[in-house]
Amino acid sequence: MGGEIMDGWDRVETAIRYREKPDRVPIVPQLTKAASAPFQGISQADACRDDELILDALIKCYDEFGGWDALYMDIPDSELMQILFWQQPLAWKVPGRDLPDDYAMQVLEEEVLTIEEYDRIAQEGWQKFYYDYYVFKITHMETQEDLQREMGRIEKLGQKAAVEWGKRSVKNLCGSIDFHPFFKLSLMRSMVKFTEDLYYRGEVVEKALKRMTDDMIQPLIDTCKETGIYVAAFVEERASAFYYPLHVFERFWWKYTEQIVDALFSEGIVLVMHLDTDWGKNVPYFKKLPKGSVVLELDSMTDIFEAKKVLEGHQAFHGDVSPALQSVGTPEDIEEYCRKLIDEVGYDGGLVLGVGCEVPPDCTKENFRAMIETAKHYEFSKK
Amino acid sequence: MRILLIAGFLGTGKTTLLLHIARHLASLSRNVAVIENEIGDIGIDGLLLQKKGLEVRELYGGCVCCTMRTDLRTTLLKVKEVVNPDYVLIEPTGAAYPGDVIRNILADVPFVTGYSVAILVDPVRYDMLKAMMTPMLDAQLRSASVVAVNRIDEVDGDTVERIRADVLSRMEEQKPVIPVSAQEEINLDTLIAELL
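Here's a quick rundown of the structure. (Residues numbered from 1 in each chain as written. Chains lettered and ligands numbered in written order. Predicted model: local features only at pLDDT ≥ 70, side-chain atom pairs only at ≥ 80, totals over all residues. Heavy atoms only, no water.)

As for the pairing of strand E2 (residues 32-36) of chain B
The two faces of the sheet receive side chains in turn, since in a regular strand these alternate between them.
Moving on, step 1. Burial within E2 of chain B is extensive, with 5 of its 5 residues counted as buried.
Moving on, step 2. With burial as the criterion, each face of E2 of chain B is covered, one bearing Val32, Val34 and Glu36 of chain B and the other bearing Ala33 and Ile35 of chain B. (Buried < 20%, exposed > 50% of the residue type's maximum accessible area, 1.4 Å probe, protein only. Helix = DSSP H or I, 4+ residues; strand = E, 2+ residues; numbered from the N terminus.)

Examining the sheet that holds strand E3 (residues 176-179) of chain A
All names here are of chain A.
Moving on, step 1. The parallel open sheet is built from 6 strands, whose spatial order is E3-E4-E5-E6-E7-E8. Either end of the sheet is taken by a strand with one partner, and the two such strands are E3 and strand E8 (351-355). Within this sheet the neighbouring strands show an average axis-to-axis angle of 20 degrees, counted without direction.
Moving on, step 2. Bridge analysis of strand E5 (residues 270-275) against strand E6 (residues 294-298) gives 5 bridges, and the strand direction is parallel. Of the residues in E6, the one forming a bridge with Met273 is Leu296.
Moving on, step 3. Sheet strands in contact with helix H9 (residues 181-189) are E3 and strand E4 (231-236), and its direction is about 50 degrees off that of E3. (Pairing = 2+ DSSP bridges. Axes fitted to C-alpha atoms, helices over the stretch in contact; angles between N-to-C directions. Contact = heavy atoms within 4.5 Å.)

A closer look at the layout of surface pockets
All names here are of chain A.
Moving on, step 1. Approximately 1,000 Å³ is the volume found for the largest pocket.
Moving on, step 2. Taken together, 35 residues form the lining of the largest pocket, with Phe85, Gly175, Ser176, Thr223 and Thr227 sitting closest to its centre.
Moving on, step 3. At the level of secondary structure, the elements contributing two or more residues to the lining of the largest pocket comprise helix H5 (79-85), helix H7 (126-138), helix H8 (144-167), E3 and helix H11 (202-227).
Moving on, step 4. No other element matches H8, which puts 8 residues into the lining of the largest pocket.
Moving on, step 5. Among the residues making up the lining of the largest pocket, the classes are represented as 20 nonpolar, 10 polar and 5 charged. (1 Å grid on protein atoms, 1.4 Å probe; cavity = no way out; pocket = protein on both sides within 12 Å on 5 of 7 lines; lining within 4 Å. Points joined across faces, edges and corners; volume = space filled by probe spheres on them. Nonpolar A, V, L, I, M, F, W, Y, C, P; charged D, E, K, R; others polar.)

Section: the nonpolar core
Moving on, step 1. Residues Leu185, Trp253, Met273, Phe286 and Phe368 of chain A together with Leu76 of chain B are the most contacted members of the largest nonpolar core, which totals 182 residues.
Moving on, step 2. Residue contributions to this core peak at 10 residues, all from helix H12 (residues 246-265) of chain A.
Moving on, step 3. Apart from the residues lying within four places of it in its own chain, the contact partners of Phe286 of chain A are Trp253, Trp254, Met273, Leu275, Trp279, Leu296, Leu311, His314 and Gln315 of chain A.
Moving on, step 4. Ranked by size, the runner-up nonpolar core spans 22 residues in total, among them Ala22, Val32, Leu191 and Leu195 of chain B. (Core = buried A, V, L, I, M, F, W, Y, C linked by side-chain atoms within 4.5 Å.)

What follows is the structure in structure tokens.
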């Protein structure tokens, strides 16, 4: 492509580690099953029934739109993949099974974890608690044989995916993904019950958080080393000042996050934090972390331009074209916003362009293409 | 088409109140649609409501940022086309600021003639929610047309008055704060009069 002097992965690494400004802004669209299915004329129900169909859809989308610098999803984000490999600890309502065919997957948030089980996590350890016991509460699986069979099936799909993505010389943005312990517990208890726990039995929650944090770090490091991708990710959608005052954030989220970041960065691993809702009041905390150690992946509810003023030269961003704009806006709207992002957030290299959260199921192809093309051509057109 | 948003934390009694308001409007021969978008189980029997002549739509649950806005827009457009209701009662997800929900509706749906927002406050859990979810509570109160201190049958009168005073003190712009019990149908006529 005219003007490019770097390959996609170099571009991404340069941006997220804040080394220097890459030749152009890297583009990593958060394309998942939800949007790749309708892009390829597949119903949400069929997308949930057939992982091979969605892998095919992800690959076709990549080819149809001319590719991008790294993948957000190399294999389909099915219900079981998210539960077993990302440790997203809740069940889903699935179109075609629990919902009409044209609905997107819905979270089914219920009080699954009991108060007594906090201590069980602290004593047994998170990995054992989750894989020996908890997954059977939220899935149809009944035995370890069921579990191993499903994990084996998904790993086999991953091997097939690796061959296809290898042909296209494109890597995953993240070598390893998990959910922040705070968010996991909130999902497992349900939001209001978890909030009651923070208030009435904070010390019990802290013991579980500490054990979960201790237990999540080494697997993240090991998987990054196995994949050779020294970028990890965690998801957090509830700890911000959108919901909780800063004293709650500090006590139950920040210190565990510091521990995770320090451990990963000491191994050369950058942490992408998928941060939904408005983190505006929390942004200054990320300046305390080592430069280039984290990427704030914002969903368009945080003012990214104000956040840039605080974290300029220190931490990079991924995002944040609004999903609503992708659905109801025009290609010109998308182009204009992407240019503004590149000019005001990416001018010094600290930006990976993408959407807020994920590409929505009713994103138009024209809008998606506008984002990709603006990333690839805008800066060269200015020279 | 007028929007009535019934908002508050999960478990504050929104669904019970919503059903009462829906039945009241239906008794006045108003055409009513109900939209549900709570992240947990909604507790509304859609089939039961449809038998009573009320149209019920359930939104995709979960992601406040990605899909809520366009889902709501699509659903309201469809409801307008199919039902053409006088009123749309919406129980939004407790994970979103009600003010954001209303702002998005007004921006995206052209035929809305007006709106009201009822914020339900739970006196049983108020102190805990005030301490722990202050930003969300204050955002709810900012968007209120009327605040209902619900479940008054479960607490004593002094507690109700204390919470009512606290809610009033937190509101920049004073709005009616009405003690009610949706379950026992206490003071609901007063609340509905304010809302409509």
